[in-house]
Amino acid sequence: MEDVLESAVGAHFSGLRLDSRRLSSSSLPSSPSSAACNGTAADASSAAPAAAAAPGGLASPTAARQPFVIGVSGGTASGKTTVCDMIIQQLHDHRVVLVNQDSFYHGLTEEQSEHVGEYNFDHPDAFDTDRLLECMGELKSGQSVNIPIYDFKNHRRCSESFRKVNVSDVIILEGILVFHDQRVRDLMDMKIFVDTDADIRLARRIRRDTVERGRDVLSVLEQYGRFVKPAFDDFVLPSKKYADVIIPRGGDNHVAIDLIVQHIRTKLGQHDLCKFYPNVYVVHTTFQIRGMHTLIRDKEITTPDFVFYSDRLIRLVVEHGLGNLPFTEKQVVTPTGSIYSGVDFCKKLCGVSIVRSGESMENALRACCKGIKIGKILIHRDGDNGQQLIYHKLPMDIAERHVLLMDPVLGTGNSANQAIELLIRKGVPEDQIMFLTLISAPEGIHCVCKRFPRLKIVTSEIDVGLNEDYRVVPGLGEYGDRYFGTD
Ligand SMILES: Nc1ncnc2c1ncn2[C@@H]1O[C@H](COP(=O)(O)OP(=O)(O)O)[C@@H](O)[C@H]1O
Ligand SMILES: Nc1ccn([C@@H]2O[C@H](COP(=O)(O)O)[C@@H](O)[C@H]2O)c(=O)n1
Ligand SMILES: [Mg+2]
């Protein structure tokens, strides 16, 4: 158990990643929600955002969001590799792999090796760009790839060993000519050019090539004047115009690297649905959170462990929800006699759980909000379209409160909509209702948000979609049965 958690939290640097495939937080399926969501069928399908649907329109549990591809170019020894390593270090909450264009150098033939001083390693033809495109295509489509290993000392690819690169959230493709070929540029979501003074680059290149690449100073200078500098002027510099971001001074430019990392984080944290529904909040993911999801989704997990890790995740969802409630400003005097300018919690608050699985979220809410009132709503599910509200017990003054409505799984959205309708009938304003859930199907979010656009949804993960039986996939099965041990 701990191994799984451990493996999910470790840092994932180039070539050191674990072989796990991300199945959640994925692209949107065009949904069966039109059939599943009472009363909103036509609207639901017409407003579905651009979607990656499995054949037949049903969600495929293997459909995953495409990785974010960053291209990093710049002259030799400009600091490309250094900048990439810094970005990877700072993106420690995400799986990142580095692919070097150098890996795709054509190996020299015997004859070419004999006249290595004549060979232009800085010309676009020196690279096997078709192979690079093939590997990047496979990685982007979710397959792991074997990338060649290039030896700068004998100018050949290692024939036996490869570097296995697994599916990732972010792929960084780095090299002097990664912006040269349009097909390669078209793979990139973001292009960075590392711009470092030519004298500094030459000085660094002499040091690096003599220390790491088995060259002598004279050969480095000869190669630089004959091939490296002309190719920089002819191919590398002209490709700078394709860059979205230019980093002067490379790895010394911490401000630029921070900004780039912030941008990547924003892009990664944004599920496509959040762009359509600004009131949907997905808890910022970390490897801890993914590790816990990995555990509770595992069908082999024991009930106590399921409860333990579900509780941890629920607590995060509840805290996130509370963080989105209105607050008032408040000042207090600290024991040092100083003023602390802070905020006061929203006091008019209550929870409502959708029985039975929603009850699993009550403890977390009680632990966060001392003495909070919690109401209950029971909806009888008779097939997916014949739902009946059969019981409710709510605080008398619920209309004056902000309501945290709790159900760990948002599937079709039918139960949620019934419960929300009841709350609105009881006088709760729509914008004072927040739906807290652990995992959501895009169809459910769509169904609820279309009908109640001012309500907020807080979820820990958005899954791929619903299957033919209207169950969330990958999902976690019958939550209530697993949590209360009745499965
Ligand atoms: N900001 C820096 N200050 C000092 N040395 C640096 C800096 N950035 C890179 N280097 C060194 O310069 C050499 C080339 O850097 P590297 O990142 O490998 O460049 P590139 O990948 O663009 O060829 C390496 O030996 C590296 O350690
Ligand atoms: N066998 C080789 C292959 C390449 N080079 C030089 O490497 C440079 C690219 O790598 P950077 O890390 O500096 O971007 C390129 O300028 C080639 O001249 C080589 O010397 N020998
Ligand atoms: Mg490099």
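Residues numbered from 1 in each chain as written. Chains lettered and ligands numbered in written order. Predicted model: local features only at pLDDT ≥ 70, side-chain atom pairs only at ≥ 80, totals over all residues. Heavy atoms only, no water.

In the annotation of an unreviewed UniProt entry, the protein is listed under the name Uridine kinase and assigned to Lolium multiflorum.

**Points about the pattern of salt bridges**
A side chain of one charge can pair with a side chain of the opposite charge if their charged atoms are brought near each other. Overall, the coordinates contain 25 salt bridges when judged by the stated rule. With a shortest N-O distance of 3.3 Å, R183 and D130 are connected by a salt bridge. Linking R183 in helix α7 (residues 182-185) with D130 in helix α6 (residues 129-140), this pair joins segments that are 53 residues apart in sequence. By relative accessible area, R183 is classed as partly exposed at 44%. The shortest N-O distance in the salt bridge between K348 and D397 comes to 3.9 Å. With K348 in the loop between β10 (339-344) and β11 (349-355) and D397 in the loop between β13 (386-393) and β14 (402-406), this residue pair connects regions lying 49 residues apart in the sequence. Counted as one network, the salt bridges with shared partners bring together K348, D397, E400 and R401. (Salt bridge = Lys/Arg side-chain N within 4 Å of Asp/Glu carboxyl O. Helix = DSSP H or I, 4+ residues; strand = E, 2+ residues; numbered from the N terminus. Buried < 20%, exposed > 50% of the residue type's maximum accessible area, 1.4 Å probe, protein only.)

**Side note on the site of ligand 2**
What surrounds ligand 2 is a group of 17 residues, the closest being T76, K80, D122, Y150 and R205. Here an oxygen atom of ligand 2 sits 2.8 Å away from a polar atom, N or O, in the side chain of R215. For ligand 2, whose accessible area on its own is 470 Å², the fraction buried by protein is 99%. At the level of elements, α8 (198-211) and α9 (217-236) are the ones that each hand at least two residues to the shell around ligand 2. (Near = heavy atom within 4 Å. Polar contact = N/O pair within 3.5 Å; in protein donor to acceptor, adjacent residues only side chain to side chain. Areas by Shrake-Rupley, 256 points an atom, 1.4 Å probe, with all protein chains shown as cover.)

**Points about the packing of helix α15 (residues 414-425) against helix α16 (residues 442-451)**
Their axes nearest at 9 Å, the elements α15 and α16 cross at an angle of 25°. With respect to α16, the element α15 is oriented roughly parallel. The element α15 and its partner α16 pack so that their crossing is right-handed. In this structure, α15 uses A416, N417, I420 and E421 to contact α16, whose residues at the interface are C447, V448 and R451. Partitioned by chemical class, the residues of the contact of α15 with α16 number four nonpolar, one polar and two charged. (Axes fitted to C-alpha atoms, helices over the stretch in contact; angles between N-to-C directions. Parallel < 35°, antiparallel > 145°, perpendicular 65-115°, else oblique. Left-handed = near helix turned anticlockwise from the far one by under 90°. Contact = heavy atoms within 4.5 Å. Nonpolar A, V, L, I, M, F, W, Y, C, P; charged D, E, K, R; others polar.)

**Describing the packing of α8 against α9**
Put simply, α8 and α9 touch, their axes get as near as 10 Å, and they point 135° apart. One element, α8, and the other, α9, form an angle in the oblique class. Of the two possible hands of crossing, α8 and α9 adopt the one that is right-handed. Only V217, V220, L221, Q223, Y224, V228 and F232 of α9 make contact with α8, whose side of the interface consists of A198, R201, L202, R205, I206, D209 and T210. Residues belonging to the contact of α8 with α9 are distributed by class as follows: nine nonpolar, two polar and three charged.

**With respect to the sheet that holds strand β2 (residues 96-100)**
The strand order β2-β5-β1-β6-β7 describes an open sheet built from five strands, whose pairing is parallel. Edge positions in the open sheet fall to β2 and β7 (245-248), since each of these has one partner strand only. In this sheet, adjacent strand axes meet at a mean angle of 20° when their direction is disregarded. The pairing of strand β1 (residues 68-74) with strand β5 (residues 170-174) spans five bridges and is parallel. Opposite V69, over in β5, you have I171 as the bridge partner. (Pairing = 2+ DSSP bridges.)

**What to know about the pairing of β5**
Judged by how many residues are buried, β5 sits mostly within the fold: five of five residues are covered. Of the two faces of β5, the one lined by V170, I172 and E174 and the one lined by I171 and L173 are each fully buried. Relative to β5, β2 runs parallel, the two being bridged by five bridges. Opposite L98, over in β5, you have I172 as the bridge partner.

**Examining helix α13 (residues 303-323)**
Taking 1.5 Å of rise per residue, 21 residues should cover 30 Å, and α13 covers 30 Å from first to last C-alpha, within 8% of that figure. Buried residues of α13: F306, Y309, S310, L313, I314, V317, V318, G321 and L322, and no others. (Expected span 1.5 Å × (residues − 1).)

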